[in-house]
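# Close look at the chain arrangement
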Amino acid sequence: MSKTCLECNEKIVGREDKKFCSDGCRNAYNNKINKDSTNYMRNVNNKLRKNYRVLLELNMDGKSKTTRTKLLSKGFDFEYFTNVLTTNTGNTYHFVYDQGYRLLENDFYMLVKKEF
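Note that the structure is predicted; figures quoted are calculated from it, not measured.

Across all of its chains, the model carries eight aromatic pairs by this definition. On the basis of an interplanar angle of 55° and a centroid distance of 5.2 Å, the ring pair of Phe20 and Tyr29 is categorised as tilted. The exposure class assigned to Phe20 is buried, which follows from its relative accessible area of 13%. Taking relative accessible area as the criterion, Tyr29 reaches 27% and is therefore assigned partly exposed. When the centroid spacing of 6.0 Å and the interplanar angle of 70° are considered together, the rings of Tyr52 and Tyr97 count as edge-to-face. Of the two residues, Tyr52 is situated in helix H2 (residues 39-58) and Tyr97 in the loop between strand S3 (92-96) and strand S4 (99-103); the sequence distance between them amounts to 45 residues. Ring pairs connect the aromatic residues Phe76, Phe78, Tyr101 and Tyr109, which therefore count as one cluster.

With that settled, the discussion passes to the side chain of Asp98. Locating Asp98 in the fold gives a position in the loop between S3 and S4. With residues up to four places along the chain from it excluded, the contact list for Asp98 reads Tyr52, Val112, Lys113, Lys114 and Phe116.

Another point: the pattern of salt bridges. Overall, the coordinates contain four salt bridges when judged by the stated rule. Across the salt bridge formed by Lys32 and Glu7, the nearest N and O atoms sit 3.1 Å from each other. Here the residue Lys32 occupies a position in helix H1 (residues 23-34), and Glu7 occupies one in the segment before H1, the gap between them amounting to 25 residues. Exposure remark for Lys32: the relative accessible area of 51% places this residue in the exposed category. In this structure, the salt-bridge partner of Glu57 is Lys74, at a minimum N-O distance of 2.8 Å. Of this pair, Glu57 sits in helix H2 while Lys74 sits in the loop between helix H3 (68-73) and strand S2 (83-86), placing them 17 residues apart in sequence.

Each value, and the rule that gives it
- Residues numbered from 1 in each chain as written.
- Predicted model: local features only at pLDDT ≥ 70, side-chain atom pairs only at ≥ 80, totals over all residues.
- Heavy atoms only, no water.
- Phe/Tyr/Trp six-rings, centres within 6.5 Å; stacked < 30°, edge-to-face > 60°.
- Buried < 20%, exposed > 50% of the residue type's maximum accessible area, 1.4 Å probe, protein only.
- Helix = DSSP H or I, 4+ residues; strand = E, 2+ residues; numbered from the N terminus.
- Contact = heavy atoms within 4.5 Å.
- Salt bridge = Lys/Arg side-chain N within 4 Å of Asp/Glu carboxyl O.

Right, here's the structure in full:
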């Protein structure tokens, strides 16, 4: 029994457990499967990626301070984050994956990196 490629339906030659005829077909198939299903999802993921890059750039040492103006000038969007952490002392941090921020006084922000 011959198998066919999941992407292009061409006959597969080689190992018995192969699913694709080439690396190109494997990549094309996986790209279709893993793409964001809607524009809304794509836009949210892009904003999260942007926010993450901004926090990473401004927080090279794992803990630093910055201003709201600086965050906004780099394109940071405060509406998009992945989770919120409230500490035992009542401080609230917003995180974009492992990069977090907390509002201080006078529009300053504490930037932190969550260690796993």
